[in-house]
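Fold and geometry: a report
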Amino acid sequence: MANSAIVGVNWGDEGKGRMVDLLTENYDIVVRFQGGGNAGHTVINDRGKFALHLLPSGIFREGVVNILGNGVALDPENLWKEMTEVMGKGVSITPDNLKISSRASLLMPWHRDLDELEERRLKDKKFGSTKQGIAPFYSDKYQKKTVLAGELFYPEKLRAHLRDLMEWKNLILTSVYGAEPYTEERLDEWLSSYCERIKPFICDTGEYLKRAHDEGKSILFEAQLGSLRDIDYGIHPFTTSSNTLAAYAPIGSGCPQVKITNVIGVVKAYSTCVGEGPFVCEMEGEEAERLRQEGAEYGAKTGRPRRVGPIDLVATRYGAEMQAATEIALTKLDVLSYLDKIPVCSHYELDGEIVDIFPFPAALDDAKPVIEYLDGWKCDISKVRRFEDLPEAAREYVLYVQRAIGCPITYVSVGPERESIIIR
Ligand code: GDP
(Lines give C-alpha, C1' and ligand atoms only; values in the text may rest on other atoms or scores of the structure.)
Protein backbone atom coordinates (compact mmCIF):
# COMPACT_ATOMS: atom_id res chain seq x y z
CA MET A 1 0.00 0.00 0.00
CA ALA A 2 1.07 3.57 -0.70
CA ASN A 3 2.63 5.82 1.92
CA SER A 4 0.52 8.74 3.13
CA ALA A 5 0.85 11.86 5.20
CA ILE A 6 -1.84 13.47 7.32
CA VAL A 7 -1.04 17.14 7.72
CA GLY A 8 -2.69 20.37 8.80
CA VAL A 9 -3.68 22.92 6.16
CA ASN A 10 -4.51 25.79 8.49
CA TRP A 11 -3.08 27.06 11.79
CA GLY A 12 -3.19 23.69 13.57
CA ASP A 13 -5.96 22.03 15.63
CA GLU A 14 -7.75 20.94 12.46
CA GLY A 15 -8.53 17.50 13.87
CA LYS A 16 -5.51 15.64 12.48
CA GLY A 17 -5.44 13.34 15.51
CA ARG A 18 -8.90 11.94 14.81
CA MET A 19 -8.00 11.39 11.14
CA VAL A 20 -4.82 9.52 12.03
CA ASP A 21 -6.70 7.50 14.63
CA LEU A 22 -9.27 6.58 11.97
CA LEU A 23 -6.81 5.72 9.21
CA THR A 24 -4.05 3.96 11.16
CA GLU A 25 -6.03 0.78 10.67
CA ASN A 26 -4.76 0.73 7.07
CA TYR A 27 -1.07 1.30 7.89
CA ASP A 28 1.70 -0.71 9.49
CA ILE A 29 3.70 2.24 10.78
CA VAL A 30 2.83 5.76 12.01
CA VAL A 31 5.61 8.34 12.19
CA ARG A 32 5.75 11.74 13.86
CA PHE A 33 8.39 13.68 11.94
CA GLN A 34 8.51 17.20 13.40
CA GLY A 35 7.55 19.40 16.33
CA GLY A 36 7.30 18.67 19.98
CA GLY A 37 4.83 18.58 22.81
CA ASN A 38 3.64 22.13 22.18
CA ALA A 39 0.39 21.14 20.51
CA GLY A 40 -2.00 18.35 21.23
CA HIS A 41 -4.04 15.91 19.24
CA THR A 42 -7.26 14.93 20.90
CA VAL A 43 -8.25 11.37 20.15
CA ILE A 44 -11.48 9.77 21.31
CA ASN A 45 -11.79 6.01 20.85
CA ASP A 46 -12.97 2.88 22.67
CA ARG A 47 -10.17 3.27 25.24
CA GLY A 48 -11.29 6.76 26.29
CA LYS A 49 -10.34 10.35 25.56
CA PHE A 50 -6.66 11.16 25.13
CA ALA A 51 -4.71 14.38 24.62
CA LEU A 52 -1.57 13.28 22.83
CA HIS A 53 1.30 15.72 22.64
CA LEU A 54 4.27 13.77 21.34
CA LEU A 55 3.18 10.16 20.99
CA PRO A 56 2.04 9.21 17.48
CA SER A 57 -1.72 8.67 17.27
CA GLY A 58 -1.25 5.08 16.07
CA ILE A 59 -0.32 4.10 19.62
CA PHE A 60 -3.87 2.85 20.23
CA ARG A 61 -3.91 0.34 17.38
CA GLU A 62 -2.60 -3.13 18.03
CA GLY A 63 0.09 -4.19 15.60
CA VAL A 64 0.91 -0.63 14.49
CA VAL A 65 4.52 0.46 15.03
CA ASN A 66 4.86 4.09 16.10
CA ILE A 67 7.97 6.12 15.40
CA LEU A 68 9.27 9.40 16.73
CA GLY A 69 11.60 10.55 13.98
CA ASN A 70 14.80 12.58 14.08
CA GLY A 71 12.86 15.77 13.24
CA VAL A 72 10.92 15.88 16.51
CA ALA A 73 11.81 17.88 19.60
CA LEU A 74 12.25 14.95 21.94
CA ASP A 75 11.48 16.00 25.49
CA PRO A 76 12.25 12.92 27.63
CA GLU A 77 10.49 14.33 30.68
CA ASN A 78 7.20 15.15 29.00
CA LEU A 79 7.33 12.07 26.79
CA TRP A 80 7.75 9.79 29.78
CA LYS A 81 4.90 11.52 31.62
CA GLU A 82 2.67 11.16 28.57
CA MET A 83 3.60 7.49 28.17
CA THR A 84 2.84 6.85 31.84
CA GLU A 85 -0.55 8.48 31.52
CA VAL A 86 -1.52 6.56 28.38
CA MET A 87 -0.22 3.26 29.80
CA GLY A 88 -2.22 4.02 32.97
CA LYS A 89 -5.38 3.79 30.82
CA GLY A 90 -4.49 0.28 29.73
CA VAL A 91 -2.66 1.02 26.45
CA SER A 92 0.42 -1.12 25.96
CA ILE A 93 3.61 0.77 25.01
CA THR A 94 6.70 -1.36 24.47
CA PRO A 95 9.85 -1.14 22.30
CA ASP A 96 7.87 -3.21 19.80
CA ASN A 97 5.22 -0.58 19.18
CA LEU A 98 7.17 2.60 19.97
CA LYS A 99 10.56 3.39 18.45
CA ILE A 100 12.43 6.62 19.06
CA SER A 101 15.07 7.82 16.61
CA SER A 102 18.62 7.74 17.97
CA ARG A 103 19.17 10.85 15.84
CA ALA A 104 16.43 12.90 17.53
CA SER A 105 17.86 15.77 19.57
CA LEU A 106 16.89 15.93 23.23
CA LEU A 107 14.88 18.87 24.45
CA MET A 108 16.58 19.86 27.70
CA PRO A 109 14.87 21.33 30.79
CA TRP A 110 16.71 24.60 30.08
CA HIS A 111 14.89 24.94 26.76
CA ARG A 112 11.61 25.21 28.65
CA ASP A 113 13.16 27.71 31.10
CA LEU A 114 14.50 29.85 28.26
CA ASP A 115 11.13 29.85 26.50
CA GLU A 116 9.46 31.11 29.65
CA LEU A 117 12.18 33.67 30.41
CA GLU A 118 12.08 35.07 26.87
CA GLU A 119 8.28 35.38 26.82
CA ARG A 120 8.51 37.20 30.14
CA ARG A 121 11.16 39.56 28.73
CA LEU A 122 9.00 40.30 25.67
CA LYS A 123 6.00 41.24 27.85
CA ASP A 124 3.26 42.61 25.55
CA LYS A 125 5.29 41.74 22.45
CA LYS A 126 5.22 38.06 23.31
CA PHE A 127 4.47 35.41 20.67
CA GLY A 128 2.09 33.40 22.82
CA SER A 129 4.49 30.49 23.13
CA THR A 130 3.21 27.39 24.91
CA LYS A 131 6.51 27.52 26.85
CA GLN A 132 7.41 23.96 25.97
CA GLY A 133 10.88 25.05 24.92
CA ILE A 134 10.36 24.43 21.21
CA ALA A 135 11.93 27.60 19.80
CA PRO A 136 15.05 27.47 22.04
CA PHE A 137 15.31 23.77 21.23
CA TYR A 138 15.29 24.19 17.46
CA SER A 139 17.68 27.15 17.59
CA ASP A 140 20.11 25.00 19.57
CA LYS A 141 19.63 22.10 17.18
CA TYR A 142 20.64 24.26 14.22
CA GLN A 143 23.55 25.64 16.23
CA LYS A 144 24.52 21.98 16.81
CA LYS A 145 24.23 22.53 20.54
CA THR A 146 22.01 19.59 21.43
CA VAL A 147 22.67 15.99 22.37
CA LEU A 148 21.20 13.18 20.32
CA ALA A 149 19.01 10.52 21.93
CA GLY A 150 21.49 7.83 20.83
CA GLU A 151 24.22 9.46 22.93
CA LEU A 152 22.51 7.94 25.97
CA PHE A 153 24.28 4.73 24.92
CA TYR A 154 27.67 6.46 25.27
CA PRO A 155 27.55 7.65 28.92
CA GLU A 156 31.13 8.93 29.14
CA LYS A 157 30.87 11.03 26.00
CA LEU A 158 27.38 12.15 26.96
CA ARG A 159 28.56 13.43 30.33
CA ALA A 160 31.36 15.50 28.77
CA HIS A 161 29.03 16.79 26.06
CA LEU A 162 26.37 17.81 28.56
CA ARG A 163 28.96 19.53 30.75
CA ASP A 164 30.09 21.67 27.80
CA LEU A 165 26.55 22.56 26.85
CA MET A 166 25.67 23.38 30.45
CA GLU A 167 28.62 25.76 30.80
CA TRP A 168 27.49 27.63 27.71
CA LYS A 169 23.80 27.60 28.67
CA ASN A 170 24.56 28.86 32.17
CA LEU A 171 26.26 31.92 30.70
CA ILE A 172 23.05 32.80 28.88
CA LEU A 173 20.74 31.90 31.76
CA THR A 174 22.65 33.93 34.32
CA SER A 175 23.99 36.90 32.38
CA VAL A 176 21.15 37.52 29.92
CA TYR A 177 18.17 36.55 32.08
CA GLY A 178 19.55 36.65 35.64
CA ALA A 179 18.28 33.09 36.18
CA GLU A 180 19.69 30.27 38.30
CA PRO A 181 22.47 28.22 36.67
CA TYR A 182 22.13 24.48 36.08
CA THR A 183 24.23 22.02 38.08
CA GLU A 184 25.53 18.56 37.19
CA GLU A 185 23.37 17.10 39.97
CA ARG A 186 20.25 18.53 38.38
CA LEU A 187 21.19 17.04 35.01
CA ASP A 188 21.96 13.67 36.64
CA GLU A 189 18.51 13.70 38.17
CA TRP A 190 16.98 14.44 34.77
CA LEU A 191 19.01 11.66 33.16
CA SER A 192 18.02 9.04 35.69
CA SER A 193 14.35 10.09 36.09
CA TYR A 194 13.44 10.42 32.45
CA CYS A 195 16.18 9.62 29.92
CA GLU A 196 16.88 6.18 31.35
CA ARG A 197 13.16 5.39 31.11
CA ILE A 198 12.90 6.13 27.40
CA LYS A 199 16.28 4.59 26.55
CA PRO A 200 14.89 1.10 25.77
CA PHE A 201 12.79 2.66 22.98
CA ILE A 202 15.69 4.36 21.21
CA CYS A 203 17.01 2.76 18.02
CA ASP A 204 18.01 3.44 14.42
CA THR A 205 14.54 4.24 13.09
CA GLY A 206 15.97 5.12 9.67
CA GLU A 207 17.22 1.56 9.26
CA TYR A 208 13.92 0.20 10.56
CA LEU A 209 11.90 2.31 8.12
CA LYS A 210 14.14 1.43 5.18
CA ARG A 211 13.68 -2.27 5.85
CA ALA A 212 9.95 -1.87 6.38
CA HIS A 213 9.68 0.14 3.16
CA ASP A 214 11.60 -2.53 1.20
CA GLU A 215 9.28 -5.18 2.62
CA GLY A 216 6.30 -3.25 1.23
CA LYS A 217 4.97 -2.05 4.58
CA SER A 218 2.82 1.07 4.47
CA ILE A 219 3.76 4.18 6.39
CA LEU A 220 1.58 7.01 7.62
CA PHE A 221 3.34 10.28 8.43
CA GLU A 222 1.70 12.44 11.04
CA ALA A 223 2.37 16.15 11.49
CA GLN A 224 1.69 18.64 14.20
CA LEU A 225 0.21 22.13 13.58
CA GLY A 226 -0.45 23.24 9.99
CA SER A 227 0.87 24.93 6.83
CA LEU A 228 0.46 28.46 8.18
CA ARG A 229 2.75 27.58 11.09
CA ASP A 230 5.54 26.20 8.92
CA ILE A 231 8.84 27.91 9.73
CA ASP A 232 9.58 28.63 6.05
CA TYR A 233 6.13 29.06 4.49
CA GLY A 234 3.94 30.18 7.38
CA ILE A 235 3.02 33.53 8.94
CA HIS A 236 6.55 34.37 10.02
CA PRO A 237 7.44 35.13 12.82
CA PHE A 238 4.23 33.68 14.31
CA THR A 239 5.10 30.22 13.12
CA THR A 240 6.43 27.23 14.93
CA SER A 241 10.15 26.46 14.71
CA SER A 242 9.93 23.38 12.48
CA ASN A 243 8.60 22.37 9.07
CA THR A 244 5.01 21.25 9.27
CA LEU A 245 4.80 20.34 5.57
CA ALA A 246 4.47 16.84 4.13
CA ALA A 247 7.54 17.47 1.97
CA TYR A 248 9.64 17.40 5.14
CA ALA A 249 8.21 14.10 6.38
CA PRO A 250 10.80 11.75 4.82
CA ILE A 251 13.69 13.90 6.12
CA GLY A 252 12.27 14.21 9.62
CA SER A 253 11.56 10.49 9.80
CA GLY A 254 14.98 9.09 9.07
CA CYS A 255 14.13 7.78 5.65
CA PRO A 256 14.66 10.44 2.95
CA GLN A 257 14.29 7.81 0.21
CA VAL A 258 10.63 7.12 1.03
CA LYS A 259 8.06 8.52 -1.42
CA ILE A 260 4.72 9.81 -0.20
CA THR A 261 1.90 9.34 -2.69
CA ASN A 262 -1.16 10.49 -0.73
CA VAL A 263 -1.17 13.72 1.21
CA ILE A 264 -4.37 14.13 3.22
CA GLY A 265 -4.66 17.79 4.12
CA VAL A 266 -6.91 18.35 7.12
CA VAL A 267 -9.09 21.47 6.95
CA LYS A 268 -11.51 22.59 9.63
CA ALA A 269 -14.96 23.74 8.45
CA TYR A 270 -14.21 27.10 10.11
CA SER A 271 -11.00 28.77 11.30
CA THR A 272 -9.21 28.71 14.63
CA CYS A 273 -5.86 30.08 15.65
CA VAL A 274 -3.97 29.88 18.91
CA GLY A 275 -1.61 32.58 20.08
CA GLU A 276 -0.61 35.90 18.58
CA GLY A 277 -0.17 36.99 14.99
CA PRO A 278 -2.29 38.02 12.01
CA PHE A 279 -5.60 36.17 11.64
CA VAL A 280 -7.41 37.97 8.86
CA CYS A 281 -10.80 36.25 9.19
CA GLU A 282 -11.05 36.68 12.98
CA MET A 283 -14.53 37.10 14.47
CA GLU A 284 -15.12 39.11 17.62
CA GLY A 285 -17.70 39.38 20.35
CA GLU A 286 -20.77 37.22 20.80
CA GLU A 287 -20.58 35.69 17.33
CA ALA A 288 -17.06 34.45 18.14
CA GLU A 289 -17.99 33.25 21.61
CA ARG A 290 -20.85 31.14 20.28
CA LEU A 291 -18.65 29.47 17.63
CA ARG A 292 -15.92 28.86 20.21
CA GLN A 293 -18.40 27.15 22.51
CA GLU A 294 -20.09 25.10 19.79
CA GLY A 295 -16.69 23.88 18.61
CA ALA A 296 -15.20 23.54 22.13
CA GLU A 297 -12.27 25.59 20.89
CA TYR A 298 -9.96 25.61 23.87
CA GLY A 299 -6.32 24.49 23.58
CA ALA A 300 -5.63 20.78 24.23
CA LYS A 301 -2.33 21.68 25.88
CA THR A 302 -3.05 24.99 27.59
CA GLY A 303 -6.85 25.29 27.84
CA ARG A 304 -6.50 28.74 26.25
CA PRO A 305 -9.56 29.95 24.31
CA ARG A 306 -8.75 29.75 20.60
CA ARG A 307 -9.35 32.69 18.27
CA VAL A 308 -12.10 31.77 15.82
CA GLY A 309 -13.47 32.86 12.44
CA PRO A 310 -15.21 31.59 9.31
CA ILE A 311 -13.31 29.29 6.97
CA ASP A 312 -10.59 31.33 5.25
CA LEU A 313 -10.45 30.15 1.67
CA VAL A 314 -7.46 32.31 0.74
CA ALA A 315 -5.33 30.86 3.54
CA THR A 316 -6.75 27.36 3.07
CA ARG A 317 -6.02 27.21 -0.66
CA TYR A 318 -2.46 28.37 0.03
CA GLY A 319 -2.12 25.88 2.87
CA ALA A 320 -3.32 23.00 0.71
CA GLU A 321 -0.89 23.98 -2.06
CA MET A 322 2.04 24.14 0.36
CA GLN A 323 1.16 20.68 1.63
CA ALA A 324 0.82 19.45 -1.97
CA ALA A 325 -2.42 17.90 -0.69
CA THR A 326 -3.85 15.22 -2.94
CA GLU A 327 -7.10 15.06 -0.96
CA ILE A 328 -8.80 16.94 1.86
CA ALA A 329 -10.47 15.85 5.10
CA LEU A 330 -12.97 18.52 6.15
CA THR A 331 -13.57 18.29 9.89
CA LYS A 332 -16.11 19.61 12.37
CA LEU A 333 -18.84 20.30 9.83
CA ASP A 334 -21.37 19.42 12.55
CA VAL A 335 -20.25 22.44 14.58
CA LEU A 336 -21.76 24.82 11.99
CA SER A 337 -25.24 23.28 12.30
CA TYR A 338 -26.47 26.07 14.61
CA LEU A 339 -25.98 28.85 12.04
CA ASP A 340 -28.78 30.34 9.89
CA LYS A 341 -26.26 31.67 7.41
CA ILE A 342 -22.70 30.43 7.22
CA PRO A 343 -20.02 33.06 6.71
CA VAL A 344 -17.00 32.22 4.53
CA CYS A 345 -13.98 34.40 3.90
CA SER A 346 -13.72 34.12 0.11
CA HIS A 347 -11.09 36.80 -0.63
CA TYR A 348 -9.01 39.46 1.05
CA GLU A 349 -9.12 43.16 0.40
CA LEU A 350 -5.59 44.53 0.36
CA ASP A 351 -4.56 48.05 -0.66
CA GLY A 352 -7.97 48.63 -2.25
CA GLU A 353 -7.79 45.44 -4.32
CA ILE A 354 -9.61 42.13 -3.98
CA VAL A 355 -7.00 39.35 -3.84
CA ASP A 356 -7.14 35.59 -3.67
CA ILE A 357 -3.41 34.92 -3.34
CA PHE A 358 -2.21 34.57 0.25
CA PRO A 359 -0.13 37.72 0.95
CA PHE A 360 3.43 38.06 2.24
CA PRO A 361 3.39 37.84 6.09
CA ALA A 362 4.17 41.53 6.66
CA ALA A 363 1.16 42.51 4.51
CA LEU A 364 -1.32 40.36 6.43
CA ASP A 365 -2.02 43.00 9.07
CA ASP A 366 -3.48 45.24 6.38
CA ALA A 367 -5.62 42.57 4.74
CA LYS A 368 -9.38 42.67 5.39
CA PRO A 369 -11.64 39.65 4.96
CA VAL A 370 -14.28 39.62 2.22
CA ILE A 371 -17.18 37.65 3.69
CA GLU A 372 -19.85 35.80 1.75
CA TYR A 373 -22.77 33.89 3.27
CA LEU A 374 -24.00 30.42 2.41
CA ASP A 375 -27.25 28.85 3.58
CA GLY A 376 -27.17 26.96 6.87
CA TRP A 377 -28.86 23.58 7.37
CA LYS A 378 -30.01 23.98 10.97
CA CYS A 379 -30.27 20.32 11.92
CA ASP A 380 -28.16 17.66 13.59
CA ILE A 381 -25.86 16.00 11.02
CA SER A 382 -23.70 14.06 13.49
CA LYS A 383 -25.37 10.72 12.67
CA VAL A 384 -25.06 11.08 8.90
CA ARG A 385 -22.62 8.59 7.33
CA ARG A 386 -23.24 9.06 3.59
CA PHE A 387 -22.62 12.27 1.68
CA GLU A 388 -25.96 12.06 -0.15
CA ASP A 389 -27.77 11.90 3.21
CA LEU A 390 -26.46 15.32 4.26
CA PRO A 391 -28.95 18.19 3.94
CA GLU A 392 -28.57 19.97 0.61
CA ALA A 393 -27.13 23.13 2.21
CA ALA A 394 -24.42 21.09 3.94
CA ARG A 395 -23.52 19.34 0.66
CA GLU A 396 -23.40 22.75 -1.03
CA TYR A 397 -21.05 24.04 1.65
CA VAL A 398 -18.68 21.11 1.18
CA LEU A 399 -18.74 21.45 -2.62
CA TYR A 400 -18.19 25.22 -2.40
CA VAL A 401 -15.12 24.70 -0.21
CA GLN A 402 -13.86 21.95 -2.53
CA ARG A 403 -14.12 24.23 -5.57
CA ALA A 404 -12.37 27.07 -3.74
CA ILE A 405 -9.47 24.88 -2.58
CA GLY A 406 -9.21 23.02 -5.87
CA CYS A 407 -8.66 19.64 -4.22
CA PRO A 408 -11.15 16.78 -3.68
CA ILE A 409 -12.73 16.55 -0.23
CA THR A 410 -12.75 12.81 0.41
CA TYR A 411 -13.61 12.79 4.12
CA VAL A 412 -16.17 14.89 5.97
CA SER A 413 -16.05 14.57 9.72
CA VAL A 414 -19.28 15.20 11.62
CA GLY A 415 -18.28 14.38 15.19
CA PRO A 416 -15.20 13.60 17.30
CA GLU A 417 -15.80 9.84 17.54
CA ARG A 418 -13.90 7.43 15.32
CA GLU A 419 -17.05 6.44 13.39
CA SER A 420 -18.47 9.96 12.91
CA ILE A 421 -17.15 10.23 9.40
CA ILE A 422 -18.44 10.43 5.84
CA ILE A 423 -16.12 8.90 3.26
CA ARG A 424 -16.72 10.10 -0.29
P1 GDP B 1 -5.34 18.25 15.99
O2 GDP B 1 -4.20 18.74 16.79
O3 GDP B 1 -5.27 18.70 14.57
O4 GDP B 1 -5.56 16.78 16.11
O5 GDP B 1 -6.65 18.93 16.54
P6 GDP B 1 -7.21 19.03 18.05
O7 GDP B 1 -7.17 17.71 18.67
O8 GDP B 1 -6.62 20.17 18.77
O9 GDP B 1 -8.67 19.51 17.72
C10 GDP B 1 -9.62 18.71 17.26
C11 GDP B 1 -10.74 18.68 18.29
O12 GDP B 1 -11.95 18.56 17.64
C13 GDP B 1 -10.67 17.49 19.21
O14 GDP B 1 -11.23 17.79 20.45
C15 GDP B 1 -11.49 16.44 18.49
O16 GDP B 1 -12.04 15.45 19.32
C17 GDP B 1 -12.56 17.32 17.90
N18 GDP B 1 -13.08 16.88 16.63
C19 GDP B 1 -12.39 16.35 15.59
N20 GDP B 1 -13.20 16.16 14.54
C21 GDP B 1 -14.43 16.61 14.93
C22 GDP B 1 -15.69 16.70 14.27
O23 GDP B 1 -15.85 16.38 13.10
N24 GDP B 1 -16.72 17.25 14.99
C25 GDP B 1 -16.59 17.66 16.28
N26 GDP B 1 -17.64 18.18 16.91
N27 GDP B 1 -15.41 17.58 16.92
C28 GDP B 1 -14.35 17.06 16.25
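Every value quoted in this text rests on a predicted model; they were computed, and no experiment measured them.

1. Describing the pairing of strand β16 (residues 409-413)
Taken across its five residues, β16 has five buried, putting it largely inside the fold. Here three bridges tie β16 to strand β17 (residues 421-423), and the two strands are oriented antiparallel to one another. For Val412, the partnering residue across the bridge sits in β17 and is Ile422.

2. Some words on the nonpolar core
Where a protein is soluble and globular, its nonpolar side chains tend to be buried together. Residues Leu74, Leu79 and Met83 are the most contacted members of the largest nonpolar core, which totals 42 residues. Breaking this core down by element, the ones donating at least two residues are β4 (48-52), α2 (76-88), β6 (98-101), α3 (109-122), α5 (155-176) and α6 (184-198). By residue number, the principal contributor to this core is α6, which donates six residues. Two domains each put at least three residues into this core: domain 1 (3-102 + 201-264) and domain 2 (109-198). Contacts of Met83, omitting those with residues within four sequence positions, involve Leu55, Ile93, Leu98, Ile198 and Phe201. One finds Leu336, Val344, Trp377 and Val412 within the second-largest nonpolar core, a separate group that totals 40 residues.

3. Overview of the environment of Val384
Within the secondary structure layout, Val384 lies in the loop between β15 (368-375) and α11 (392-405). Residues within four places of Val384 in sequence aside, it is in contact with Asp389, Leu390, Val414 and Ile422.

4. Things to note about the packing of α3 against helix α4 (residues 134-142)
Taken N-terminus to C-terminus, the directions of α3 and α4 make an angle of 120 degrees; their axes are 7 Å apart at the nearest point. Compared by their axis directions, α3 and α4 come out oblique. Taken as a pair, α3 and α4 cross one another with a handedness that is right-handed. Contacts between α3 and α4 involve Trp110, His111, Leu114 and Asp115 from the former and Ile134, Pro136, Phe137 and Asp140 from the latter. A class-by-class count of the residues in the contact of α3 with α4 yields five nonpolar, one polar and two charged.

5. Some remarks on unusual backbone geometry
The omega torsion across His236 and Pro237 is 5 degrees, close enough to zero to call that bond cis. In this fold, Pro237 is placed in the loop between β8 (219-226) and α8 (249-253). The residue Ala324 is not glycine, and still its phi comes out positive at about 50 degrees. Mapped onto the elements, Ala324 comes out in the loop between α10 (313-323) and β12 (327-331). Ala324 gets classed as partly exposed once you look at its relative accessible area, which sits at 48%. In the Ramachandran plot, Lys332 falls in the positive-phi region, its phi being about 65 degrees despite a non-glycine side chain. Here Lys332 is to be found in the loop between β12 and β13 (341-350). Lys332 sits in the partly exposed class, given a relative accessible area of 23%.

Thresholds applied
- Residues numbered from 1 in each chain as written.
- Predicted model: local features only at pLDDT ≥ 70, side-chain atom pairs only at ≥ 80, totals over all residues.
- Heavy atoms only, no water.
- Buried < 20%, exposed > 50% of the residue type's maximum accessible area, 1.4 Å probe, protein only.
- Helix = DSSP H or I, 4+ residues; strand = E, 2+ residues; numbered from the N terminus.
- Pairing = 2+ DSSP bridges.
- Core = buried A, V, L, I, M, F, W, Y, C linked by side-chain atoms within 4.5 Å.
- Domains from an automatic or database assignment.
- Contact = heavy atoms within 4.5 Å.
- Axes fitted to C-alpha atoms, helices over the stretch in contact; angles between N-to-C directions.
- Parallel < 35°, antiparallel > 145°, perpendicular 65-115°, else oblique.
- Left-handed = near helix turned anticlockwise from the far one by under 90°.
- Nonpolar A, V, L, I, M, F, W, Y, C, P; charged D, E, K, R; others polar.

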